[in-house]
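# Remarks on the overall topology
Here are the chains, one letter per residue:
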Amino acid sequence: MAPSASSLLFKFTAFTLYFCVLLGTTSGQLSANFYARTCPKFRSVIKRAVNSAVSSEPRMGASLLRLHFHDCFVNGCDGSVLLDDNSTFVGEKTARPNNGSLRGFNVIDGITQLESDCPGVVSCADILAGAARDSVVALHGPSWRLLFGRRDSTSASLSDAISNLPGPRLNLSGLISSCSNKGFTANEMVALSGSHSIGQGRCTVFRNRLYNDNNLNASFAATLQQNCPTTGGDNNLSPLDYSSPVSFDNRYYNNLIIQSGLFHSDQELFNGGLADAQVRAYASNQNTFFRDFGNAMVKMGNLGPLTGSSGQVRTNCRRVN
Ligand code: HEM
Ligand SMILES: *[C@@H]1O[C@H](CO)[C@@H](O)[C@H](O)[C@H]1NC(C)=O
Ligand SMILES: *[C@@H]1O[C@H](CO)[C@@H](O)[C@H](O)[C@H]1NC(C)=O
Ligand SMILES: *[C@@H]1O[C@H](CO)[C@@H](O)[C@H](O)[C@H]1NC(C)=O
Ligand SMILES: *[C@@H]1O[C@H](CO)[C@@H](O)[C@H](O)[C@H]1NC(C)=O
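Residues numbered from 1 in each chain as written. Chains lettered and ligands numbered in written order. Predicted model: local features only at pLDDT ≥ 70, side-chain atom pairs only at ≥ 80, totals over all residues. Heavy atoms only, no water.

### Brief notes about the site of ligand 4
In the neighbourhood of ligand 4, the contacting residues comprise N217, S219, Y242 and I258. For ligand 4, an oxygen atom lies 2.3 Å from a polar atom in the side chain of N217. Between ligand 4 and I258, the relevant distance is 3.5 Å, taken from an oxygen atom to a main-chain nitrogen or oxygen of the residue. Protein chains shield 42% of the accessible area of ligand 4, which is 360 Å² for the free molecule. (Near = heavy atom within 4 Å. Polar contact = N/O pair within 3.5 Å; in protein donor to acceptor, adjacent residues only side chain to side chain. Areas by Shrake-Rupley, 256 points an atom, 1.4 Å probe, with all protein chains shown as cover.)

As structure tokens, then:
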């Protein structure tokens, strides 16, 4: 029996769909051994640079982790966050979430220079992904599987950096929707927030919480207020995790249970809402937190990467080639 027109159409459509899915997975997918042939040393170069930066200043591990986050949440992990402003170009560095608080750029510059064997091969976006993972490991946190093959953008977006990055004054539903805009579940958002187990924040970011929030531990507040008065001291720093500021662990969640989260947004995760149970679970089981955090970081690293022949590999991460 001759195939009917509709069954032929069906076969054609099925074939086309199959082909597109196939193309989609190869062009959209990152791989673990992307640089195995073209730059085999680059993993060890990143690790060495990160370990040396973190041993001279432990906070740098936090700063490098945050750089990857601020890269990925703004139009995908494409190195856009690293582009410098100049007279004809506006990048993302002066966006409110970045301005005056994003750091680690010199460490990234150093890594690019260290790749003397294979200049222009490893993308800036991949360097950020590797540096973030190695930073967490250097501060005794979990490891996760690194995937590579991201390409660098030739543009940046100040306005997307302002609107896509979650802010410290958000409430729980604001945090959930900000992260769901990037494809993360509420559970993944709570896991990712555990990155506030390391690093420092400026007084200007949490002053309002110190003097106005009521879900705030009194003795914790009294200590912080000394370094963050009602006026002045905007740039004074306090640790995001007061109980173990340079160790990546689950103490952050234990702090939340005693109302000692630094930012309003941190404490929102434990404020009588739906996230309370997960905070308690992570506070009592570090392995669960580590597992979920690693999975969420892999997912974050997969956000909208440019691959194949899109974008470019910058030779200087601070400027388009
Ligand atoms: C969930 C919503 C989040 C909010 C509202 C938020 C907000 C902030 C703010 C306001 C600061 C301090 C900036 C300053 O001092 O001006 C900060 C620091 C930091 N954030 Fe987040 N963040 C969030 C999620 C994340 C995620 C997903 C990561 C990483 C995967 C991350 C990693 C860090 C680190 C490591 C620091 C310390 C950086 C340093 O010491 O240099 N944050 N965050
Ligand atoms: C960025 O920070 C600098 C120094 O703190 C300040 O002078 C400038 O006005 C800020 N820019 C924006 C766009 O907020
Ligand atoms: C959270 O914040 C948004 C925007 O500020 C507000 O509309 C909403 O009512 C708040 N939700 C809760 C539960 O407080
Ligand atoms: C405040 O923090 C201290 C530890 O610094 C803790 O012993 C106390 O229980 C906390 N108070 C509340 C209300 O959580
Ligand atoms: C300004 O920055 C852009 C983006 O990195 C770059 O393409 C351009 O060449 C730079 N211009 C100058 C004068 O450096």
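### As for the pattern of salt bridges
Applying the stated criterion across every chain yields a total of 12 salt bridges. For D84, the salt bridge identified is with R318, shortest N-O distance 3.2 Å. In this pair, D84 sits in the loop between helix 3 (59-72) and helix 4 (105-114) while R318 sits in the segment after helix 14 (286-301), placing the two residues 234 residues apart along the sequence. For D84, a relative accessible area of 26% puts it in the partly exposed group. Judged by relative accessible area, R318 falls into the partly exposed class, the value being 22%. For E188, the salt bridge goes to K299, with nearest N and O atoms at 2.9 Å. One end of the pair, E188, is in helix 8 (residues 186-193); the other, K299, is in helix 14, and 111 residues separate them in sequence. Through salt bridges with shared partners, a single network forms among D84, K93, D109 and R318. (Salt bridge = Lys/Arg side-chain N within 4 Å of Asp/Glu carboxyl O. Helix = DSSP H or I, 4+ residues; strand = E, 2+ residues; numbered from the N terminus. Buried < 20%, exposed > 50% of the residue type's maximum accessible area, 1.4 Å probe, protein only.)

### Focus: the environment of A138
If you trace the backbone, A138 turns up in helix 5 (residues 124-138). We classify A138 as partly exposed; its relative accessible area is 22%. Here the alpha-carbon distance between A138 and C124, two residues 14 residues apart in the chain, equals 20 Å. Non-local contacts of A138, meaning those with residues more than four positions away in its chain, are made with N51 and V54. (Contact = heavy atoms within 4.5 Å.)

### Brief notes about the environment of D109
By the element assignment, D109 lies in helix 4. Residues D109 and P168, 59 residues apart in the sequence, show an inter-C-alpha distance of 29 Å.

### With respect to the packing of aromatic side chains
With the rule as written, the count across this model stands at 17 aromatic pairs. With a centroid separation of 4.8 Å and an interplanar angle of 70 degrees, the aromatic rings of F69 and F73 are classed as edge-to-face. Residue F73 is classed as buried on the basis of its relative accessible area of 0%. With a centroid separation of 5.0 Å and an interplanar angle of 70 degrees, the aromatic rings of Y253 and F289 are classed as edge-to-face. Separated by 36 residues along the polypeptide, Y253 in helix 11 (residues 251-257) and F289 in helix 14 bring together distant segments of the chain. Each of the two residues, Y253 as well as F289, counts as buried. One aromatic cluster is present, formed by W144, F248, Y252, Y253, Y282, F289, F290 and F293 through successive ring pairs. (Phe/Tyr/Trp six-rings, centres within 6.5 Å; stacked < 30°, edge-to-face > 60°.)

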